[in-house]
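Observations on the three-dimensional arrangement
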Amino acid sequence: MRAVMKGAWLAMGVLSMSLAHAATDIDSDALSLADQAGATAPIAAPSRWRGSFEAAAANYGAAQQVAARQLNDTARVASSISYDRRLFDGWRAVFSNRLDTGWREAHGTYNAVDTLKQAYVSWQPTPSALLDMGRINVRGGVASGFNPTDFFKADAIRSVASIDPASLRENRLGSVMIRSQALWADGSVSASISPRLADHASDATFSPDFGATNRQWRYLLTGTQRWFGGVAPQWLVYGGADIPPQFGTDATALLDDATVLFVEYAGGRSRSLTDGPRAAHRFHSRLATGLTRTFPGKVSVTLEYDYDGVSANRSAWAALRTDPSRYGAYRDAVARGQELTTQQSVFSYISWQDAIVRHLDATVMGRFDLVDDSFFAWVEARYHWPRADLAVQWEADHGGSRSTFGAGSQSNVVQAIAAFYF
């Protein structure tokens, strides 16, 4: 079985390389993609109201039912709305919200979850100074699959619309905070303070869920300064109540016209997830590093190595898998913190714009766990119109019982999605 799984992962790598070598010369489209790869997406120009409506139907096979070929149906709808506008001189308002509803035929259940992603005002008294106040989604990091310096990600997800890391970062709760920034030509500094507002998370549909994002007071200090060329590393210090200082850094570098190197690191004293919530603090490191290369034909390939020191190593993972009560609690803690399930894995992300025909984008994503050899693969084909998308997605999880990707409630998912924008 291990040889089969490794063979499947190798096949994904062969697919990425076959797409990558579709031609031999780097063109202007590839260079444009290279400049964007591995970095935080640029902030869109301020606009007023924008919204979307999404409907999806899925058919999935539960992991324990694969042998019997039993499938279950599920359906969901989601609506998003956002507002981003300059109110008057020096003032700007930002708001974004998402409502997800879903039905699962196998359990006869219905659920609805509202996610207040952002709601804040921004004041810019001078061209070089900013002050933001309210719920802000701070998305840290330059890596694609795992972000060690994304310190505000824990407990921020109320509903999973897609396992694409970009979707998880976008469709989550922001944290209530005050953030000040000072800007200059080649750099900036920022200081954020997030207060304690509630003791417990809430599962009520329309709850702002301050107990998830503001259960303890926290701070974040960041600074960046351009060194040479396009290299401008960012430095971070994060901490708070019962959170010893965590130090982080991230940077990208253009190795050639089409290859971007990225590295993201965070380290500090923290509790290991395998030891439980009352364990002593010890020093742990987190790391994400890799390359993104673009090729003719608008193909971009990212290969990334991820390490998470607070997660289970090989021996700890083996012990957890034989203890059902500890195993379940550990998986819950990993999901809430958005950590890696085990300490080491490899992530791959391949995108092909205008694949075969114009307006058709293809995406292949996967992660291979280096501790237990389980893996998942996710493929999407998405066709764009000016105000609508139609997508088909397929996901497959493979691995042994209680492995990282073999223990999920579903092993194969086929989903069709229609999205409309206004």
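Preceding this section is the structure that the text describes.
Residues numbered from 1 in each chain as written. Predicted model: local features only at pLDDT ≥ 70, side-chain atom pairs only at ≥ 80, totals over all residues. Heavy atoms only, no water.

When strand S13 (residues 299-308) meets strand S14 (residues 344-352), the two strands line up antiparallel, connected through nine bridges. Residue pairing across strands places Asp-306 opposite Ser-345, the latter belonging to S14. Here S14 pairs with strand S15 (residues 360-369) via eight bridges, running antiparallel. Each bridged residue has a counterpart across the sheet, and for Phe-347 the counterpart in S15 is Arg-367. (Pairing = 2+ DSSP bridges. Helix = DSSP H or I, 4+ residues; strand = E, 2+ residues; numbered from the N terminus.)

The subject of this paragraph is the environment of Val-413. Among the structural elements, Val-413 can be located in strand S18 (residues 412-421). On a C-alpha basis, the gap between Val-413 and Trp-378 in space is 9.2 Å, while along the polypeptide they are 35 residues apart. For Val-413, the residues in contact, after removing those within four places along its chain, are Ala-58, Asn-59, Tyr-60, Gln-393, Trp-394 and Glu-395. (Contact = heavy atoms within 4.5 Å.)

The subject of this paragraph is the packing of aromatic side chains. Evaluation of the coordinates by the stated rule reveals 13 aromatic pairs. When the centroid spacing of 6.4 Å and the interplanar angle of 35° are considered together, the rings of Trp-227 and Trp-235 count as tilted. Relative accessible area serves as the criterion here: at 46%, Trp-235 is assigned to the partly exposed category. An aromatic cluster is defined as three or more aromatic residues linked by ring pairs; in this entry it consists of Phe-88, Trp-91 and Trp-123. Sitting above the plane of the Tyr-327 ring, Arg-402 keeps its charged end 5.6 Å from the centroid. (Phe/Tyr/Trp six-rings, centres within 6.5 Å; stacked < 30°, edge-to-face > 60°. Buried < 20%, exposed > 50% of the residue type's maximum accessible area, 1.4 Å probe, protein only. Lys NZ or Arg CZ within 6 Å of the ring centre and 35° of its normal.)

Together, Val-379, Val-392, Trp-394 and Val-414 give the surface a local cluster of nonpolar side chains, amounting to about 320 Å² of exposed area. Its location among the elements puts Val-414 in strand S18. Note on Val-414: relative accessible area 44%, which makes it partly exposed. (Patch = residues over 30% accessible without salt bridge, like charges linked within 9 Å, V, L, I, M, F, W, Y side chains within 5 Å. Areas by Shrake-Rupley, 256 points an atom, 1.4 Å probe, with all protein chains shown as cover. Salt bridge = Lys/Arg side-chain N within 4 Å of Asp/Glu carboxyl O.)

Along its 14 residues, helix H6 (residues 324-337) runs 20 Å from first to last C-alpha, staying within 8% of the 20 Å computed at 1.5 Å per residue. Taken together, the buried positions of H6 are Tyr-327, Tyr-330, Ala-333, Val-334 and Gly-337. The arc that holds the buried residues of H6, viewed along the axis, is 130°, so those residues lie on one side. Across H6 from its buried face, at more than 90 degrees, point the exposed residues Pro-324, Ser-325 and Ala-335. (Expected span 1.5 Å × (residues − 1). Arc of directions from axis to C-beta.)

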